[in-house]
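Structural overview
Take a look at the letters that make up each chain.
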Amino acid sequence: MNFDPAVPEEMNFEPDYLPPSSDVVASFLAEASIVRTIVQGSGGPENAEITDTGLRFVRHIMATSKSMRFGFMPNFKDMNSIRETAREFIRKCGGSTLALQRMHVVMQDN
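Residues numbered from 1 in each chain as written. Predicted model: local features only at pLDDT ≥ 70, side-chain atom pairs only at ≥ 80, totals over all residues. Heavy atoms only, no water.

1. What to know about a positive patch on the surface
- Among the surface-exposed residues, Lys66, Arg69, Lys92 and Arg102 lie close enough to one another that they form a single positively charged patch.
- Owing to a relative accessible area of 55%, Lys66 belongs among the exposed residues under this scheme. (Patch = residues over 30% accessible without salt bridge, like charges linked within 9 Å, V, L, I, M, F, W, Y side chains within 5 Å. Areas by Shrake-Rupley, 256 points an atom, 1.4 Å probe, with all protein chains shown as cover. Salt bridge = Lys/Arg side-chain N within 4 Å of Asp/Glu carboxyl O. Lys, Arg positive; Asp, Glu negative; His and termini not counted. Charge placed at Lys NZ, Arg CZ, Asp CG, Glu CD. Buried < 20%, exposed > 50% of the residue type's maximum accessible area, 1.4 Å probe, protein only.)

The structure is reproduced here in structure tokens:
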């Protein structure tokens, strides 16, 4: 019996590594950060403690929201609504990096 398998002369043992797209990772992190800040400013679904910086950011979102101009307030007690508001904020800012920069500027204490 032959126990030696047929092995090609050159085998590549390196795994196929596809680096993650930095845009996808950055947008995911930006969305998560903005969602967390909205929850800190509104109390979120669990009615958590509201922080001053979070409240400042929620007020900014409400003041610049298109739906607020027509009298519709986003439901900050629903996580899906919070995520959609965060995505809208990122789109309005022109990208995840700019949205995070704008969020930090708004949250700064003057």
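The structure having been displayed, the exposition proceeds.
2. Thoughts on the confidence of the model for the protein
- Across the protein, pLDDT averages 82, with 76% of residues at or above 70.
- Mean pLDDT across the elements of the protein ranges from a minimum in helix α3 (residues 66-69), with 81, to a maximum in helix α4 (residues 79-93), with 93. (pLDDT = per-residue confidence, 0-100. Helix = DSSP H or I, 4+ residues; strand = E, 2+ residues; numbered from the N terminus.)

3. Quick word on the pattern of salt bridges
- Overall, the coordinates contain three salt bridges when judged by the stated rule.
- Across the salt bridge formed by Arg87 and Glu84, the nearest N and O atoms sit 3.8 Å from each other. Residue Arg87 and its partner Glu84 are both found in helix α4; the two are separated by three residues, about one turn of the helix.
- Among the residues examined, Arg87 registers a relative accessible area of 34% and is labelled partly exposed.

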